[in-house]
Amino acid sequence: AQKVTQAQTEISVVEKEDVTLDCVYETRDTTYYLFWYKQPPSGELVFLIRRNSFDEQNEISGRYSWNFQKSTSSFNFTITASQVVDSAVYFCALSEARTGNQFYFGTGTSLTVIP
Amino acid sequence: NAGVTQTPKFQVLKTGQSMTLQCAQDMNHEYMSWYRQDPGMGLRLIHYSVGAGITDQGEVPNGYNVSRSTTEDFPLRLLSAAPSQTSVYFCASSYGPGHGELFFGEGSRLTVL
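Described in the following lines is the structure provided in the data block. All values reported here derive from a predicted model rather than from experimental measurement.

1. Section: the overall build of chain B
Along the backbone of chain B there are 0 helices and 11 strands. For chain B, the α and β elements follow one another from N to C terminus as β-β-β-β-β-β-β-β-β-β-β. In chain B, buried positions account for 51% of the 113 residues. The contacts in chain B between residues at least 6 apart in sequence include a share of 52% that link residues at least 24 apart. Within the structure as shown, chain B displays about 5,200 Å² of accessible surface, and the carbon and sulfur contribution to it stands at 50%. Between the centroid of the 7 positive side chains of chain B and the centroid of its 9 negative side chains there is a distance of 12 Å.

Structure, rendered in structure tokens:
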């Protein structure tokens, strides 16, 4: 079973629109960690955020914000006022304390921001 | 700051050839891992290591070998390359299992003909 599901394969938005990338995870652990990574067209993987299961506070970093809801097992990522430089593939990932040696990645969401 | 260094960045192999993808990190991370990235499939774990002398299999280990003789290095070996191993490979390291984010290398694009 897929531990991390990113149902949106591709999203296109016009510049300055807001966009939310969905991430749903599955775990039986009470202690776990969630991550978002960005992969721009150049191919490298860039770490964006890490969240542990005991911290449900939403986080905002500039135009980026993350909404963590344990009740729905979701860790969604919103980009406000999108820019062309936001065009990338975004990956959500899960690491469980019990099996912390493995990181489980979703299949990614490809975001295209149209100027 | 070197971080995680992978070589080579590009490689073309013929079916049946062997090769080693090199990975080195200078952050003194105990945890290192190899992923492959294929279109529509995200990143899949091949092998990982929690310290020198310790390795274990991930989700897709078949056709790959690893070893960890030092903290810094974690090479990935393809013993007999197959077209199904055409992929982009990423090495990653972390401060500790499940507790820190992964630091990735720049990736190695491998084509098996």
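Having seen the model, we can carry on.
2. Some remarks on the pairing of strand S4 (residues 31-38) of chain B
Residue and element names in this part refer to chain B. Taking burial as the measure, the 8 residues of S4 include 8 buried ones, the bulk of the element. Residues Tyr31, Ser33, Tyr35 and Gln37 of S4 are buried on one face, and the alternating residues Met32, Trp34, Arg36 and Asp38, pointing to the opposite face, are buried as well. Here 7 bridges tie S4 to strand S9 (residues 87-94), and the two strands are oriented antiparallel to one another. Bridge pairing in S9 links Tyr35 to Phe90.

3. So, the pattern of salt bridges
Applying the stated rule across the entire model yields 7 salt bridges over all chains. Residues Asp86 of chain A and Arg63 of chain A are paired through a salt bridge, measuring 2.8 Å at the closest nitrogen-oxygen approach. Highlighted residues: Asp86 of chain A in the loop between strand S9 (74-79) and strand S10 (88-96) and Arg63 of chain A in the loop between strand S7 (59-61) and strand S8 (64-69), separated in sequence by 23 residues. Under the relative-accessibility criterion, Asp86 of chain A is labelled buried at 1%. On the basis of relative accessibility, which here comes to 24%, the residue Arg63 of chain A falls in the partly exposed class. Between Arg36 of chain B and Asp38 of chain B there is a salt bridge, with its nearest N and O atoms 2.8 Å apart. Per residue, the accessibility class of Arg36 of chain B equals that of Asp38 of chain B, and both read buried. In this structure, a network of salt bridges that share partners links the residues Arg51, Asp55 and Glu59 of chain A.

4. Considering the layout of surface pockets
Its boundaries defined by the atoms lining it, the largest pocket holds a volume of some 610 Å³. Lining the largest pocket we find 32 residues, and of these Gln39 of chain A together with Gln37, Val88, Phe90 and Arg109 of chain B sit closest to its centre. Of all the secondary structure elements, the ones that give two or more residues to the lining of the largest pocket are S10 and strand S12 (109-114) of chain A together with S4, S9 and strand S11 (108-112) of chain B. Broken down by element, the lining of the largest pocket gets its largest block of residues, 3 residues, from S9 of chain B. The residue inventory of the lining of the largest pocket, partitioned by class, reads 9 nonpolar, 17 polar and 6 charged. Considering only enclosed or pocket space, the second largest pocket measures out at about 270 Å³ in volume.

Conventions we followed
- Residues numbered from 1 in each chain as written.
- Chains lettered and ligands numbered in written order.
- Predicted model: local features only at pLDDT ≥ 70, side-chain atom pairs only at ≥ 80, totals over all residues.
- Heavy atoms only, no water.
- Helix = DSSP H or I, 4+ residues; strand = E, 2+ residues; numbered from the N terminus.
- Buried < 20%, exposed > 50% of the residue type's maximum accessible area, 1.4 Å probe, protein only.
- Contact = heavy atoms within 4.5 Å.
- Areas by Shrake-Rupley, 256 points an atom, 1.4 Å probe, with all protein chains shown as cover.
- Lys, Arg positive; Asp, Glu negative; His and termini not counted.
- Charge placed at Lys NZ, Arg CZ, Asp CG, Glu CD.
- Pairing = 2+ DSSP bridges.
- Salt bridge = Lys/Arg side-chain N within 4 Å of Asp/Glu carboxyl O.
- 1 Å grid on protein atoms, 1.4 Å probe; cavity = no way out; pocket = protein on both sides within 12 Å on 5 of 7 lines; lining within 4 Å.
- Points joined across faces, edges and corners; volume = space filled by probe spheres on them.
- Nonpolar A, V, L, I, M, F, W, Y, C, P; charged D, E, K, R; others polar.

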